[in-house]
Every structure is written in structure tokens, then in C-alpha cells.
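Chain and residue survey
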Protein chains: 2
Amino acid sequence: MTDYRRLRVALLGAGAVGSQVARLLLKHSGELADRAGATLELAGIAVRNLDAPREGDLPRELFTTDAESLIVGADIVIELMGGIEPARTYLLQAINSGADVVTANKALLATHGPEIFDAADQVGAEVYYEAAAAGAIPIIRPLRDSLAGDRVQRIMGIVNGTTNYILDRMDTEGAEFADVLADAQRLGYAEADPTADVEGFDAAQKAAILASLAFHTTVPLESVHREGITSIDKTMMDAARHAGYVVKLLAVCERLGDESEESISVRVYPALVDRSHPLASVHGANNAVFVQAEAAGNLMFYGAGAGGVQTASAVLGDVVSAARRHIAGGVGVGESTLANLPIVDIGRVTTRYQITVEVDDRPGVLATVAGTLSDGRVSIATLEQTVAGEDAATARLVIGTHKALEQDLSETVERLAASGVVERVVSVLRVEGD
Amino acid sequence: MTDYRRLRVALLGAGAVGSQVARLLLKHSGELADRAGATLELAGIAVRNLDAPREGDLPRELFTTDAESLIVGADIVIELMGGIEPARTYLLQAINSGADVVTANKALLATHGPEIFDAADQVGAEVYYEAAAAGAIPIIRPLRDSLAGDRVQRIMGIVNGTTNYILDRMDTEGAEFADVLADAQRLGYAEADPTADVEGFDAAQKAAILASLAFHTTVPLESVHREGITSIDKTMMDAARHAGYVVKLLAVCERLGDESEESISVRVYPALVDRSHPLASVHGANNAVFVQAEAAGNLMFYGAGAGGVQTASAVLGDVVSAARRHIAGGVGVGESTLANLPIVDIGRVTTRYQITVEVDDRPGVLATVAGTLSDGRVSIATLEQTVAGEDAATARLVIGTHKALEQDLSETVERLAASGVVERVVSVLRVEGD
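Since this is a predicted model, take the numbers as computed values, not measurements.

Things to note about the overall build of chain A
- A tally of helices and strands in chain A yields 15 helices and 17 strands.
- Computed over C-alpha atoms, the radius of gyration of chain A comes to 24 Å, within 12% of the 22 Å expected from 2.2 N^0.38 for 434 residues, which places it in the range of a compact globule.
- Taken along its principal axes, the extent of the C-alpha atoms in chain A is 85 × 50 × 35 Å.
- Looking at chain A residue by residue over its 434 residues, the buried ones come to 58%.
- For chain A, restricting intrachain contacts to residue pairs at least 6 apart in sequence, the fraction spanning at least 24 positions comes to 73%.
- Summed over all atoms, the accessible surface of chain A reaches about 16,200 Å², with 48% contributed by carbon and sulfur.
- A distance of 3 Å separates the average location of the 36 positive side-chain charges in chain A from that of its 60 negative side-chain charges.

What follows is the structure in C-alpha cells.
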């Protein structure tokens, strides 16, 4: 056995991820020491309640309710408590007492990232957060380091496992949203309060983190346009399938404009993806991040986006990196937000759309619809008309558009709805993946 | 503009990758400086022949035939010449003169890796080689850093674009190997001498690099079992498709045994992959590396495995990393070969197999075949009998086995061939991806 320097590791939180991190730190201590060049000594695990039931059989003496004492004197602090406070206070305390920190806390980074990274810069500490972007999928180092010499043009990520599980089952089984959600809750794929997942809040946090990494710029969470999947129903899934698409909740981070006047757009919404696109094959609760870069072309990173032991893998990779740097110095994952790119409103984004409307089935209707679109600078690429139901007086139009400006599109849809020939706007979905 | 320290970058080689690296270094110098924290000054480009035709319009004054003078005084040396010599001599010279080095030279690393990494260790230099493992796909940092706290169990990689292009077209078009190869050569997907690709030499070099990274151990190129795709024909592709498989040339790096007595296997061969496996969807000249890790579960990294500008992206990422480390110190990508795992012979590997034989169509034959397999410790999972052709006296048996030891399997196939009832062993293919 090599005689390594000992580094004291403080763990904050012992939930699904934290308990796995502690277990693996203890189980693989020899291997981890060889890789880190330092013995990683788990100094303690801070929890709120010592008597709460715990997974696994971690030594009782490691647990403490005194997080602050644990942080003092730690070389590396792992924050897996989640939520904003007291996680934020503890992370700042750890940084200011000279520790490098590892966190999987996407909510905290998406809202208080600049404060935390600035605090680390002040004292020369590093913040590692691989597990905060796409669970177990290694994406931080590829974006920050491997692609550091390239220019990322666009990221399309399936970054929320719960919604992908729901949409995938709706697609494959023809089931309704509410039924699949109830099932997902029963199976533990969705929380009792599913809002953070199904309304896109979790994906928006990850989108903010991915965009800031990819474009080397600061992306405040409130600049991320966000729509959830609660309005997606069986009819929309069927129409998508019929047109060769699948519905996915996407986090899209896009560079716009030319190099002299660049901006970015960051948005989360359910979108239609061509079934031949690699993202269409991402099933169940899996995640994937599809990256388009100027030189590298198309890349995709696929894996488990959540899960205690899977996420623990990403956390432990960060712990090894933090330990190496704690010993050898140098830069860590690092932040670079020098680009300072403006972030545009969703109205300034262009995508393709699929518009489904029910119209009166009488002469002249199609001309009115086509004219309204044309007047609104929305160009028709495909059009399919079917009978809407038993009522033969109504027809359904599914219109695929060429790329159009979101603002033009939404104004045009409003005019369509008020045109007198459209009975109902069934759905308006963006098409991503060109 | 921030006033950065200047780092002198020497480029050796101006082929498809080198010319793109030079172009992007010049084009994106401002952005690269922000990300590296240093101005990357392209000091010169060493070539063999100043008068050779060059892609792009790089300034003539950058070119030189005097590589040694260029290397002296360079902070970062990028080696993109390929081949063993003089690349090896130049890389060692660069390391010994205090430069950090970046290389895409898989042949050199797979044969002289330990010599080069040792030389770098001696002087505290770093060797970066993201482009040597899977072209533009970021795989080095994920394996070395992101998964440093995990245990990789198996890697299955499609790491050669030429063979994937050929096999994909054979699969989708029902074409024969020779015809697709000729077409691939015409289109520039395959070299005039395709040996390195179609015989698996290129994939074997990458397998050695990936295995040494994943298992933190030294993997000599000669320990990699290697078979090419030249024996794959239309009949085998059809049989694979019929059974729900696709044929892929895989680089398989596998951890064997339990933790008390571990070993690894590294092998390259055409294998059957279930069509529902993520690797089955890797089409054309694309590459993908599928990683199974103890904690992280299944991950996949997908992208362009070759191409000048795509590979240049990986090289430039390394250049930025090298520059950051040159300024700030600390560890680079690093090597850790402390595990020293034994590498087993192909005979000690277990996989599933698909055995196709032509047999006499008479009573008792099936019993003889089944008995021979059973005696050889090869257990039958599936069996399908069809008439082999117009000659109704011959039947074709397609036997899917449970997992069996390669040595048992090959001895059993020999006994089958000599059993008197088997007219011809049509094919024996391994099935990967469980």
C-alpha cells in the first residue's frame, strides 16, 4: 500500500445519493486513494435527525447533526442536502474555510451559482458539480474541457427522467398523461408533488447550468423560458406519431446571430423530434444531451439522469478530482463566464412548428388559413387534412411550417383562432432537431 | 481585451487534422485565449515538404521543415504527423524541453505509451490525447475524471468509422463486403489499402488506449485479441437480421473475476448486437463508446470518430487544457496504471454465440449436434432449422448459445466439424451486449 496524504471529507446529507456516496467511499477506499493520490477519509455525515431511518449499514458514529463543526477542518465538503438553505450557507462556509466543494444541488447552482463561484474564486477554491447537470452522465468536463477549443452551437437535452418516462409510456402504450403520472408516482419515478418535474422546473435549472457551461456565460434561471408537459394528451401523441415524430421534453440551449452580434436562447418545452434523431431513441427514465459544435459536429451523451447510486458515481468522480487538485494545485473544473452573451426572449427564437386546428369543412376555409399564415410570415411546409370526428362539418388540419419566428407564429395563431373559420386550436408544438 | 501571457504552440503535421487545428487556432484566437487564460501563439507548422499542396489558406511563413528548432522553446507541442517515427522522437524531445504535449497518434500511444508517459512523469509534463481514442467524441476525461470514483465493468466501442460504414451499408442495402468496400474507397471513407481498418488494427489500438484508461492498468497492444470484418458476408448479415441482431465491429474491454482476483480482457471482433441496444443505432461512419460502470450504470458517448475538423475539436480542447495547466500547474489528464491487472487470453472469455452449420438432413443428426454441444459445456438457448438450399438433403441449423467459455466453444465447433453430420460450419459469431 502506498502511504498517501489523508484528506478529510465531510458529507452533508444522507439521502438516496448521500448514503450511496458514503457506502462507495468506504467500500472502494483503496482504489479511490490510488486514483486520487490521497486517502479520502470520511470524517462524518451531517444529517438533520440522527434517528431517521437510513439505507445501508453505515457506521452510526459517522453521523452528526453538527454540520458546522464537521465543515471546519474538512479538505473536501460534499453537499447533497438539496434545497437553497442551509445548503448555501454551508457551501459558502466550506469554501471560506479552505475546502474544495462538491455539490449535486442544481436548484442552488441555478439560482446562486455566481455567488458561490465568486466566493470560491476569492479564496482559490473549486466547486465541482458534475451531478447537478445530467445525473450520472459525464457532461460538465466534456463541455468545459473537451470542447473548450470548439464553439457549441446548440444543446438539446432530455434532462428530466420523470417526464421522459411519462412521455415514453404515453408514446408506446397510447396512454393518457394522468394515468401514466399516477403509475409513475406509484412506482417511485415521480414525486407525490410532481410539479418540479412535469412543469419543467427541474429541466430549466439544468438548462441554465448547461447553457452557462456551453456558452461560457452567465445564465440566470429566470431567463430560461419554461413550459411543462401537462397539456400533452393522447391526441397530440397520436398526431406526432402519425407525422413521424415523438414528443420529448427538451432543454434547448442555442447560439443565435453571427459572430459580430451573438446572443443565446435557453428554453424548456415539449417538442416534436423526428423518430430518426438519436434523441428519439432515449427511452424510459434515461437522459441524453445532444450537442452540436462547430468543429466536432454532432455528439450525444447518454445515461441515467437520476438515481441514488448512479448520481453517486458523478459525485465521487468530482471528489477524486477535488482531491487531486487539493494535493497538486492547478485549475479544477473552473468557470468561465467571460462571453457575457445577451439572452434573447422566446419571441426572438425561430423553429419549425406543427399547428393542429379544427376548421369548418366548407369551401374557402383552406384559402383563409393559408392566407393568414402567409400574412403572418409563417410558411407552410406540409399540410394534412382529415375529418375531425363524427361531425362531418368539421375537418382537422395539421400544418407543418418552415422555420418561423416564435413571435410571428404566436400572433398568427391568435389571428387564426379569431379568423372565423377555425373552431379550435388543438395544439401548437415546436419541432426541434434540424 | 485582457492582457494574457503568451504561450508558444508548435504544430507538427499539416494533414487533414493539422490544417484544421491551425485554421481554428488562428480563427478563434480571442475566444481560445479567454478560455485558456493565455494567448495561444501558433509559432510554426513543421512539415516534410514545404511545396506540398495544402488545404485552406494558412500563412506560408508559418511552415517550416525544421521541426526540432520549432520544438525548442515551445510551451505546447501538438503532434499530428501520425506513425511511430519521427513522431516518437519529436514528442520525447518536446517533453524533455519542458513542453506539454498534445497528440492524436493512437498507433504511437498503443505501442510506446508507457515510454512517453514515463518521460512526461520524469519532468512533470503532461500528455493529452483525447483525439487518439475516439476522434471527436470526448471519452478520455469522462473515463479518467468523471468515472474516477466508479468502477468500469465493460466498454463496448464502435471505434472505427470505416468498418461501421461498411457494415451499416451491408445491413441496410443487403450488399456484399467487397462492393461496399470499393464504394467506400471511391467516396474516401476507406483508404486505398484498407487493412488497418477492415482487419481491426485501428480499433485494436483504440481498444488498448480505452482499456488502459478505464481499468487504470497498462494494456500492451499485443495483448488485444483482434479479428477483422473481411469474412462477414451477405448470408451472415441476413441471418443476423433474421435473428434480431446487427453485426458491428466492437472493441470490448471487460473486467473479469471477482474483486479478490481480477483480470481484464481486451478484444476486437465483429459481433452480433441486439437491434434494441443503443449501439445498434450507430449508423454510417459514426462512432460510439458504450460504458457499463458499477455505480453509474449504462452510459453511451456518441459522435464523429474521424474527420479532419471533428478531430481538430478534440485536439484544441486538449490544447486549452494544456495551456491552463501550463499557467496554473496541477494535474492534467494524467495516467494511473496502478491497478496492474492481468490480461487474459481470448480463450478465457465467456460470451454468447451464434453458430450456423449445414448438416445432413436425416434422423439423428440433431441429437448428435445437441450431444456434441452438451459434451463441450456449450448450452443451447435457441435453435432454428431451415432448408439450406435447393439440395433438400442439407439443412441449416442456427444455434444460439447461452454464455460459454471461448475455449470450450472453439473446441466444440471443431468437434462438430469432425462429427460426420456437419457438412460445413457457416459461421461462428459472438453475441455482445447483455
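Don't stop here, the text continues.
Thoughts on the interface of chain B and chain A
- Tallying the contact residues gives 49 residues for chain B and 49 residues for chain A.
- Here chain B meets chain A over a buried area of about 4,100 Å², counting both sides, of which 55% is carbon and sulfur.
- We note a salt bridge from R324 of chain B to D145 of chain A, for which the minimum N-O separation is 2.6 Å.
- There are 24 residue pairs in polar contact (both at pLDDT 80 or more) connecting chain B and chain A.
- At the level of elements, helix 1 (16–27), helix 2 (29–36), helix 7 (140–146), strand 12 (297–304) and helix 13 (308–328) of chain B are the ones that each hand at least two residues to the side of chain B that touches chain A.
- When residues of the side of chain B that touches chain A are assigned to their parent elements, the largest contribution, nine residues, is made by helix 13 of chain B.
- For the side of chain B that touches chain A, the residue count by class is 23 nonpolar, twelve polar and 14 charged.

Digging into the pattern of salt bridges
- Counted according to the given criterion, the structure contains 62 salt bridges over all chains.
- Among the ionic contacts, a cluster of salt bridges with common partners joins E31 and R35 of chain A together with R151, R255 and E262 of chain B.

Side note on the confidence of the model for chain A
- The pLDDT averaged across chain A works out to 92; a share of 96% of its residues lies at or above 70.
- Taken element by element, chain A is modelled with least confidence in strand 14 (residues 380–387) of chain A, mean pLDDT 88, and with most confidence in strand 4 (residues 76–79) of chain A, mean pLDDT 98.

Structural notes on a nonpolar patch on the surface
Residues and elements named next belong to chain B.
- Together, L366, I380 and L383 make up a nonpolar patch on the protein surface, roughly 210 Å² of accessible area in all.
- Structurally, I380 is set in strand 14 (residues 380–387).
- I380 sits in the partly exposed class, given a relative accessible area of 30%.

What about helix 4 (residues 87–96) of chain B?
Residue and element names in this part refer to chain B.
- Listed as buried for helix 4 are A87, Y90, L91, L92, A94 and I95.
- Here the buried face of helix 4 lies against strand 1 (6–12), helix 3 (67–71), strand 4 (76–79), strand 5 (100–103), helix 5 (106–123) and strand 6 (127–128).
- G98, located one to two residues past helix 4, shows a positive phi value of around 95 degrees.

Some points on the sheet that holds strand 3 (residues 63–64) of chain B
Residues and elements named next belong to chain B.
- Strand order across the open sheet formed by six strands is 3-2-1-4-5-6, with parallel pairing between neighbours. Two strands lie at the open edges of the sheet, namely strand 3 and strand 6, each paired on one side alone.
- Pairing of strand 1 with strand 2 (residues 39–46) involves seven bridges; the strand directions are parallel. Bridge assignment links R6 to a residue of strand 2, and that residue is T39.
- The sheet strands contacting helix 1 are strand 1, strand 2 and strand 4, and the helix crosses strand 2 at an angle near 150 degrees.
- Strands in contact with helix 13 are strand 1, strand 2, strand 4, strand 5 and strand 6; relative to strand 5, the strand with the most contacts, it is inclined by about 170 degrees.

Notes on the sheet that holds strand 3 (residues 63–64) of chain A
Residues and elements named next belong to chain A.
- In spatial order, the strands read 3-2-1-4-5-6; together these six strands make up an open sheet with parallel pairing. Looking at strand neighbours, the two that pair on one side only are strand 3 and strand 6 (127–128), the edges of this open sheet.
- Relative to strand 5 (residues 100–103), strand 4 is paired through four bridges, and the arrangement is parallel. The residue bridging E79 from the neighbouring strand is T103, located in strand 5.
- Together, strand 1 (6–12), strand 2 (39–46) and strand 4 form the strand contacts of helix 1 (residues 16–27), whose direction differs from that of strand 2 by roughly 150 degrees.
- Seen against the sheet, helix 13 (residues 308–328) touches strand 1, strand 2, strand 4, strand 5 and strand 6 and runs at an angle of roughly 170 degrees to strand 5.

Structural notes on the packing of helix 8 (residues 161–173) of chain A against helix 9 (residues 177–187) of chain A
All names here are of chain A.
- Relative orientation of the contacting elements helix 8 and helix 9 amounts to 130 degrees, with a least axis distance of 9 Å. Taken as axis vectors, helix 8 and helix 9 run oblique relative to one another. Like other packed secondary-structure pairs, helix 8 and helix 9 cross with a definite hand, here right-handed. Only F177, V180, L181, D183, A184 and L187 of helix 9 make contact with helix 8, whose side of the interface consists of Y165, I166, R169 and M170.
- Grouping the amino acids of the contact of helix 8 with helix 9 by side-chain chemistry returns eight nonpolar, no polar and two charged.

Some thoughts on the environment of D66 of chain A
Residue and element names in this part refer to chain A.
- On the secondary structure map, D66 appears in the loop between strand 3 and helix 3 (67–71).
- The spatial distance from the C-alpha of D66 to the C-alpha of V47 is 8.0 Å, given a sequence separation of 19 residues.
- One polar contact links D66 to S69, side chain to side chain, over a distance of 2.4 Å.

Concerning the packing of aromatic side chains
- Taken as a whole, this structure holds five aromatic pairs over all chains when the rule is applied.
- A centroid spacing of 6.1 Å and a plane angle of 90 degrees characterise the contact between F301 of chain A and F301 of chain B, whose relative ring orientation is edge-to-face. Of this pair, F301 of chain A sits in strand 12 (residues 297–304) while F301 of chain B sits in strand 12, which puts the two residues in different chains.
- Take F301 of chain A: its relative accessible area is 1%, and that puts it in the buried class.
- When the centroid spacing of 4.2 Å and the interplanar angle of 20 degrees are considered together, the rings of Y165 of chain B and Y189 of chain B count as stacked. With Y165 of chain B in helix 8 (residues 161–173) and Y189 of chain B in the loop between helix 9 (177–187) and helix 10 (195–198), the pair connects residues that are 24 residues apart, well separated along the chain.
- Exposure remark for Y165 of chain B: the relative accessible area of 10% places this residue in the buried category.
- Lying over the aromatic face of F63 of chain A, R60 of chain A brings its terminal NZ or CZ to 6.0 Å of the ring centre.

So, the relation of the copies chain B and chain A
- With an axial shift of 0.0 Å and an RMSD of 0.0 Å, the rotation relating chain B to chain A amounts to 180 degrees. Expressed as an axis order, the relation between the two copies is that of a two-fold axis.
- Interface residue correspondence from chain B to chain A reaches 100%, placing this contact among same-surface, isologous pairings.

So, helix 5 of chain B
All names here are of chain B.
- Along helix 5, the helix axis deviates most sharply at H112, where the bend reaches about 85 degrees; the proline P114 sits within four residues downstream.
- For helix 5, the set of buried residues is A107, L108, L109, A110, G113, I116, F117, A119 and A120.
- Buried-residue contacts for helix 5 involve strand 4, helix 4, strand 5, strand 6, helix 6 (131–134) and helix 11 (201–215).
- Where helix 5 terminates, the next one or two residues include G124, which has phi positive at roughly 75 degrees.

Things to note about the UniProt feature "binding site: L-homoserine" (unreviewed entry) in chain A
Residue and element names in this part refer to chain A.
- This chain's UniProt record puts "binding site: L-homoserine" (unreviewed entry) on E191.
- Residue placement: E191 occurs in the loop between helix 9 and helix 10 (195–198).
- By relative accessible area, which is 53% here, E191 ends up exposed.
- In contact with E191, other than residues within four places in its own chain, are Q185 and D197.

What counts and how
Residues numbered from 1 in each chain as written. Chains lettered and ligands numbered in written order. Predicted model: local features only at pLDDT ≥ 70, side-chain atom pairs only at ≥ 80, totals over all residues. Heavy atoms only, no water. Helix = DSSP H or I, 4+ residues; strand = E, 2+ residues; numbered from the N terminus. Rg over C-alpha atoms; globule rule 2.2 N^0.38 Å. Buried < 20%, exposed > 50% of the residue type's maximum accessible area, 1.4 Å probe, protein only. Contact = heavy atoms within 4.5 Å. Areas by Shrake-Rupley, 256 points an atom, 1.4 Å probe, with all protein chains shown as cover. Lys, Arg positive; Asp, Glu negative; His and termini not counted. Charge placed at Lys NZ, Arg CZ, Asp CG, Glu CD. Buried area = accessible area lost by both parts, 1.4 Å probe. Salt bridge = Lys/Arg side-chain N within 4 Å of Asp/Glu carboxyl O. Polar contact = N/O pair within 3.5 Å; in protein donor to acceptor, adjacent residues only side chain to side chain. Nonpolar A, V, L, I, M, F, W, Y, C, P; charged D, E, K, R; others polar. pLDDT = per-residue confidence, 0-100. Patch = residues over 30% accessible without salt bridge, like charges linked within 9 Å, V, L, I, M, F, W, Y side chains within 5 Å. Pairing = 2+ DSSP bridges. Axes fitted to C-alpha atoms, helices over the stretch in contact; angles between N-to-C directions. Parallel < 35°, antiparallel > 145°, perpendicular 65-115°, else oblique. Left-handed = near helix turned anticlockwise from the far one by under 90°. Phe/Tyr/Trp six-rings, centres within 6.5 Å; stacked < 30°, edge-to-face > 60°. Lys NZ or Arg CZ within 6 Å of the ring centre and 35° of its normal. Least-squares fit on C-alpha atoms with pLDDT ≥ 70 in both. Bend = angle between axes of the 7 residues up to and from the residue. UniProt positions renumbered as here; feature names shortened; annotations may be inferred.

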